[in-house]
Amino acid sequence: MSLMPKLLLRIYRVFLLAYPRTFRADCSHEMMETVRARHEDVRGRSGHFRMVRFWSRELTAVGKAGVRLRVARASRPSPSVRQLLAQCRYDLRFALRTLRHSAAFSSTAVLTIALGIGATTVIFSFVHAILLSPLPYEHPDRLVRINTMWFGGRGTSISEPEYYAFRTEARSLESVVATLSSSRTLLLDEPRRLTILQATHELFPVLGVAPLMGRMFNVQDESPGAAPVAIMSHWLWSEMFGEARTAVGTTINLDGRSVEVIGVMPPEFRFPTPEVALWTPYALDPANLDYWNNHYLRAYARLAEGVALETARVEVQAMGERFVSENQEYLSGFGFGTDLIRLFDDIVGGVRATLLVLLTAVGFLLLIGCSNVANLLLARGETRKQEIAVRAALGASRGRVMTQLLTESVVLALLGGLVGSVLAPLGVTALRTAALDTIPRVTEVAIDLRIVIFTSMITILTGLVFGLLPALTASRSDLNTHLKEFGRTSIGSRRSNLNRRVLVAIEVALSVILVIGAGVMLRSLGNLRRIDPGFRTEDVLTMRLSFPDAGAEVREPIAFYEQVLEEVRALPGVTGAGVVSRLPLSQGMGTASIQVEGRVVATIGEAPGSEVQQLTPGYIEAMDVTILEGRGITAADNADNRPVVLVHQAFATLHWPGESAIGRRIKLFAPRLPWLEIVGIVGDVRHNGLLAEPQPKLYIPHSQSGESAYGIAHTMNVVVHAESVERLAGPIRSIVSGVNSAVPVYRVQTMKEVKSAAMVGRTYPTLLLTVFGLLALFLASIGIYGLVVFQVNQGKHDIGIHMALGATRGHVRQMVVGKGLFPVILGIAVGLMGAFGLTRMLNSLLYEVSPLDLPVYLGVSTILLLVAATASLLPAVGATRLDPVEVLRSE
Amino acid sequence: MRTNDPSTLLPLTSLTYHVLLALADANRHGYGIIKEVEERTDGKMEIETGTLYAAMKRMRDEHLIEVVPKSTRPSHEDSRRRTYRLTKLGRQVLTAETKRLAQLLGIAVDKHVLPFAQV
């Protein structure tokens, strides 16, 4: 038999899976034989068309018959089950009909449930993926990060000699990897800047991950002078090579050097962040390690088999103490130490508090939703007492009546769950896109079916419990009483009224807590927005340029940036342009040790530190950084003239309190570097985040940095101040590629975007909490409105009598609103107390506002009272329009 | 469900009737049934394997047909293919259905539904 029929037969066999298993066991063999024989028949006497027709008919028939058999099997119940099913069908139809008739009630309930389930599912999906799922590496519980500590605070990076000591000596660590995040220019048709991670060869063994194809690094790759190699991320491989396996072994051009691609990682490997495009070996020369005080490596380790975290910490901490005692000249005086933290905590620690706050908030929202539905159901149960009594009188058993009522509540819950599960994926996608860079592991977030099921179960349970209450009371109560009441409305039973008020009070209390939480977060965000970063954020466009490192003459980058700036300044609308090495609020900056003239220090450990920026003329002006004293940088501050420096106000007051710093001399802590004269003092700029206090900082002219700093920066940020900056990106790109086509232009963003990106970690939780708070308010007002409407409806009789006896409209309004407001006030009181206890959770997320902020507490109470008053006023006004004669006559 | 009264199963689907007819004069395996029906109807009735086996499964459940026990099969037959035959009930049902159809046909003939006596 040739290939084609064999394939067809195989497909046929797969199709047979449509049949129930028992049937397959019985007949599949025979069917295969038969279909084979028939295939031979058809082949023997007719052409291709017939053959196609034959197989399509055969395959379709299998599908159809299989499904029919399965359906027949599923719907062939025993008589009692059949009866039950018929009853269910009837109940279901009846429930749907009733719900359709009271569309307002049903849609409110369904919407309430949907919002609760949707929101809970979204947030829980995040919590599940980020906080509850183990990291996607082998034995993730054994993965740790090695940190350095400075004055007891958590530092981050370690130095080469420290890394080497951990790698060779730490017995509680199975293997240790050092990594360095950086970027390189990939030369394709146009240059492209890529994030790469340099790592020692232990990276993949430590994480327990193997490449999809190709090989991992080995020790030879990281030795100095080894041929450059790289392992490619799955996404870059797809983009560049269209997932062709031939990628392994080819070379790519990175920063002008040929680099061989030796492997490709699987798509789910995104260490440490999703944007990493390549992993390259970190060249480590054990014979020639860097200084002990240069801390720039991120180190991760795998605990040795069976070693507890605490045991390893003791060893690592002891090693840190040893480092200090053996390298006094570098490490003493900083409160230096080394410590371990679980990799999991390192990655998710920053968002845990936020996520837990949001989870609590949606939990509240779900509870509010549930009480709302319960309230609606209770109210409905009350109004349907007579209907139920009639049905009971006509012979319906109590069980039947209850099943009927419960079916309705469960149908409501299911519909709500359905709508909620449609909403949830939208919410997850929206939130994922919005917060992509700020939340770790966010690419792992997906809707978890279990969560949808879990939240739906909760609502179904609510439906059952609160549907059951009225069902029980209604079906138990005395038939006669209700029949007698038939035809006239009466005050609802005291107990169910109480239940409903308690539910409304609960709703209000939960809403108060939620809205207060949102309120203090909003206040905090407002305070954050008011922080002055020390530079202009409006009308400023920034973009990063990387001048190639390889083969460049020392002065080339200086000339390049000067040329670019000259042409940019000539663009229409541009009022200022400059270049700086590290963009504030975007690129972190470490400190370098410096020397102040006239102050002798024994070791580098005693030397003061400062952040170091390189800049060109025009930067200070374009960013509107204040010049407090002296002057800015000019074109004359070049390599031919004496080296100068600008310092921050914080720097000046730290070293020369009460005196002028102009004319003083400082230098970077290295013997060969010259003294730099301070020619200007500028206002403080917040660099490492809006909340980080401005650190001492010095600015060195880019054109002098070859002589006065450690080297000329090649990667710089162009900063342009102009009227309509959005239109400038294109022209500036053309300028750059005209000056040097090998220079990539990337991270094009306005300074405003940079600032909001720096706040996004605060903005989004606040936004979400506010949305949840508003939803809570909305749901609670529905609850209050519903309560008052039913109270009015059922109290018509009383109101009629009151009015007949001379009560004024104002009186009636007061009576109705008062009745509605009582549970609200109770709820507000309870809510305030709850908020008092719970908003402490927010403490770590707040900036310059107490979680017990009085204005917020008062404001929220007022808002709730207003909402409640409005919600109960509508039906109250309706009540005053009642004609007492009509009401009383109707009985 | 076992039924002893043939009339409760009437009318038969066309497929069921054809299968019963095919087995009326000989025991056959599935392929044989398909061939027989095809030949008798000049290829007008084509049965797909999947449909046939689903129908035969139902007919076995209704005790209209049964598998011929291995021991009573001629030894030269392919032992992997099962052969089917009519049960007593199957034959009764076939007879009953044929009678019903004949009656129907009689009415049609009486009413001169066909221009010429083609029956």
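Remember, it's a predicted structure, so these values are computed and weren't measured experimentally.

1. Description of the overall build of chain A
On a plain count of helices and strands, chain A comes out with 25 helices and 23 strands. Its C-alpha atoms put chain A at 105 × 95 × 65 Å along the principal axes. Scored against the burial criterion, the 891 residues of chain A give a buried share of 41%. The contacts in chain A between residues at least 6 apart in sequence include a share of 83% that link residues at least 24 apart.

2. Concerning the interface of chain B and chain A
Across the contact, 13 residues belong to chain B and 17 residues belong to chain A. Listing elements by their share of the side of chain B that touches chain A, those giving two or more residues are α2 (30-40) and α3 (49-61) of chain B. Counting residues per element, the side of chain B that touches chain A draws most heavily on α3 of chain B, which supplies six residues. Its residues assigned to classes, the side of chain B that touches chain A comprises four nonpolar, four polar and five charged.

3. What about the nonpolar core?
All names here are of chain A. One finds Leu365, Val512, Phe772 and Ala776 to be the most contacted residues of the largest nonpolar core, which totals 93 residues. Taken together, the elements giving at least two residues each to this core come down to α5 (103-132), α11 (343-383), α13 (398-434), α14 (449-476), α16 (494-530), α22 (751-804), α23 (809-838) and α24 (854-880). With 18 residues, α22 is the largest single contributor of residues to this core. Leave out the neighbours within four places in its chain, and valine 512 touches Gly827, Ile828, Gly831, Leu832, Ala835, Val860 and Leu864.

4. Thoughts on the environment of glycine 208 of chain A
Residues and elements named next belong to chain A. Position of glycine 208 among the secondary structure elements: in the loop between α7 (203-207) and β6 (213-214). For glycine 208, a count of 14 C-beta atoms within 10 Å corresponds to the partly exposed category. Placed 28 residues apart in sequence, glycine 208 and leucine 180 show a C-alpha to C-alpha distance of 19 Å. The residues touching glycine 208, leaving out its near neighbours within four places in the chain, are Tyr137, Glu138 and His139.

5. A few points about the pairing of strand β20 (residues 676-682) of chain A
Residue and element names in this part refer to chain A. Counting buried residues in β20 gives five out of seven residues, a clear majority hidden from the surface. Of the pairings in the sheet, the one linking strand β17 (residues 627-630) to β20 comprises three bridges and is antiparallel in character. Residue pairing across strands places isoleucine 627 opposite valine 682, the latter belonging to β20. Two elements, strand β18 (residues 644-648) and β20, share five bridges in a ladder whose sense is parallel.

6. Some points on the confidence of the model for chain B
When pLDDT is averaged along chain B, the result is 83, and 84% of the positions lie at 70 or above. Scored as a complex, the prediction yields pTM 0.72 and ipTM 0.86.

What counts and how
Residues numbered from 1 in each chain as written. Chains lettered and ligands numbered in written order. Predicted model: local features only at pLDDT ≥ 70, side-chain atom pairs only at ≥ 80, totals over all residues. Helix = DSSP H or I, 4+ residues; strand = E, 2+ residues; numbered from the N terminus. Buried ≥ 20, exposed ≤ 12 C-beta atoms within 10 Å, placed from the backbone. Contact = placed C-beta atoms within 7 Å. Nonpolar A, V, L, I, M, F, W, Y, C, P; charged D, E, K, R; others polar. Core = buried A, V, L, I, M, F, W, Y, C linked by C-beta atoms within 7 Å. Pairing = 2+ DSSP bridges. pLDDT = per-residue confidence, 0-100.

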